[in-house]
Amino acid sequence: MKQPSPLPNRVAHTIDALLAVVLVVAVGGNLAAKTWTFTVEIPVWLAWVAVGACAIAIVLRRHHPVTAYFFALGTMIPASLAGGGLGPASALATAAALYTVALEHPRPRSLAAMGAGLVVVVFLEFLHLGPSTLASTAFAGGGLAGSWALGWTARQRQANLAQLAAAQAHQAVSDERLRIAREMHDVVAHSMSLIAVKAAVGNHVAKEQPEEAREALRVIELTSRETLVELRRMLGVLRSGDGTHEAALGPAPKLADLRTLAERAGQAGVRVELSGEVVDELPEGVALSIYRITQEAVTNVVKHAGPSACRVTVTEGPGEVCVEIVDDGRGDGSPSAVGGHGLIGMRERVAVYGGDFEAGPLAAGGFRVFARLPYAVKEVGTR
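Predicted, not measured: the structure shown is a model, and the values here were computed from it.

Scoring rules and cut-offs
Residues numbered from 1 in each chain as written. Predicted model: local features only at pLDDT ≥ 70, side-chain atom pairs only at ≥ 80, totals over all residues. Heavy atoms only, no water. Helix = DSSP H or I, 4+ residues; strand = E, 2+ residues; numbered from the N terminus. Expected span 1.5 Å × (residues − 1). Buried < 20%, exposed > 50% of the residue type's maximum accessible area, 1.4 Å probe, protein only. Phe/Tyr/Trp six-rings, centres within 6.5 Å; stacked < 30°, edge-to-face > 60°. Arc of directions from axis to C-beta. Patch = residues over 30% accessible without salt bridge, like charges linked within 9 Å, V, L, I, M, F, W, Y side chains within 5 Å. Areas by Shrake-Rupley, 256 points an atom, 1.4 Å probe, with all protein chains shown as cover. Salt bridge = Lys/Arg side-chain N within 4 Å of Asp/Glu carboxyl O. Polar contact = N/O pair within 3.5 Å; in protein donor to acceptor, adjacent residues only side chain to side chain. Contact = heavy atoms within 4.5 Å. Pairing = 2+ DSSP bridges. Axes fitted to C-alpha atoms, helices over the stretch in contact; angles between N-to-C directions.

Here the focus is helix α2 (residues 44–60). For α2, which comprises 17 residues, the first-to-last C-alpha distance of 24 Å matches the rise-based estimate of 24 Å (1.5 Å per residue) to within 8%. Within the sequence span of α2, burial applies to Ala47, Ala50, Val51, Ala53, Cys54, Ala55, Ala57 and Ile58.

Our focus in this paragraph is the packing of aromatic side chains. Considering all chains together, one arrives at two aromatic pairs under this definition. Plain terms: the ring middles of Tyr69 and Phe70 are 5.2 Å apart, the flat faces sit at 65 degrees to each other, and that makes the pair edge-to-face. Look at Tyr69 and you get buried, because its relative accessible area is 0%. Among the residues examined, Phe70 registers a relative accessible area of 40% and is labelled partly exposed.

Bringing helix α10 (residues 258–267) into the picture now. Three or more residues of α10 are buried, namely Leu258, Leu261, Ala262, Arg264 and Ala265. Relative to the axis of α10, the buried residues are bounded by an arc of 160 degrees and lie together on one face.

Together, Val24, Val44 and Trp48 give the surface a local cluster of nonpolar side chains, amounting to about 250 Å² of exposed area. The residue Val44 is located in helix α2 in this model. Val44 gets classed as partly exposed once you look at its relative accessible area, which sits at 49%.

This brings us to the side chain of Thr313. Following the sequence through the fold, Thr313 ends up in strand β2 (residues 308–317). Judged by its relative accessible area of 18%, Thr313 falls in the buried class. A distance of 3.0 Å separates a polar atom in the side chain of Thr313 from a polar atom in the side chain of Ser275. If we ignore the near neighbours within four places in the chain, the residues touching Thr313 are Ser275, Gly276, Cys322, Val323 and Glu324.

One pass over the full model with this rule turns up four salt bridges. Between Asp356 and Arg372 there is a salt bridge, with the nearest N and O atoms lying 2.8 Å from each other. Of the two residues, Asp356 sits in strand β4 (residues 356–361) while Arg372 sits in strand β5 (residues 367–374), which places them 16 residues apart along the sequence. Note that Arg368 and Glu358 form a salt bridge whose closest N and O atoms lie 2.9 Å from each other. With a gap of 10 residues between them, Arg368 in strand β5 and Glu358 in strand β4 connect regions that are remote in the sequence. When its relative accessible area of 22% is taken as the criterion, Arg368 is described as partly exposed. With relative accessibility at 42%, the residue Glu358 sits in the partly exposed group. A network of salt bridges, in which partner residues are shared, links Glu320, Asp356 and Arg372.

Attention now moves to the sheet that holds strand β3 (residues 320–327). Across the sheet, five strands lie side by side as β1-β2-β3-β5-β4; this open sheet has mixed pairing. This sheet does not close on itself; its edge strands, each paired only once, are β1 (270–276) and β4. The average undirected angle you get between the axes of adjacent strands in this sheet is 10 degrees. Here β2 runs beside β3; their pairing, made up of eight bridges, is antiparallel. When the bridges of β3 are listed, Thr313 appears paired with Glu324. Packing of α10 onto the sheet brings it into contact with β1 and β2, and relative to β1 it is tilted by some 155 degrees.

Below, the structure is given as structure tokens:
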């Protein structure tokens, strides 16, 4: 697969164009001034063609790297015969093109290109046998190998970065699914608990107390409608993937909504007393977590504590907020109350912020849930 250039295309192409211009001016100026003495006399036009070919190879290498590489490799023949400044110009164009081949093409193809270059280098060097032939061959071959190694290293780095980005995207999706799963659990568990309690009450008093049965049905209807709104909001997030439906269907619950939560619990037979501070300027995620933790704890009271009273205390400190939910019910620590997904979800919400979480029965009876969520003060803004 073709790899993108490490630099933005426009910048990279500008650099290549400037390099080609510098090469033509520097080498062409010396050719025009006849400051070089060629080892083998070649026509001047052939030297100019070689210089132009080197410049074209540099400009072309990002569009057609393999073509540019073999184009530059062909300039090594007149450069090797003539000597002078044509050799460095040809080596520069060849190395630049090979770097791009290694960067943008699979390893077998780039290795084959490098191998072809090494064959040409060895052949041309051994045309001029002498005491320094072996050293110059090693130097030229090492230059080609180094260019390939740099390109391949850059390719591997880009591949690793792409894999890291894909892994981060996958993790973000997994985290979002987990968050939505927690939201779904909290909403459905709380609402269905209230519905189940009121349905049992309605069924029990349907004949003797029809008014109370109708009140139970009214609570069931209201809770069902509100639950449908919550579910549509979360399903809208799943459909859109960008949160637009969430905004359209209504905001996430805030701490101010704890009063409504207390009223619903009261309709199910649990008296909830709110105390402490209702903080309105918390970060949205922190406020939602506090609400959901309280919702789950109150739901457990409704399901497991029997008719009882429950006290919810919210306090704020510097850069943190705490919530404590204490009930005076049975507090028997049943598996459904202590070991179910509800407490796991609460613990996970606290862990996201690196806070503290405690849950367990009290010695004098009842059950206590405590959560502390720290947050950065800068998330809230100036008050």
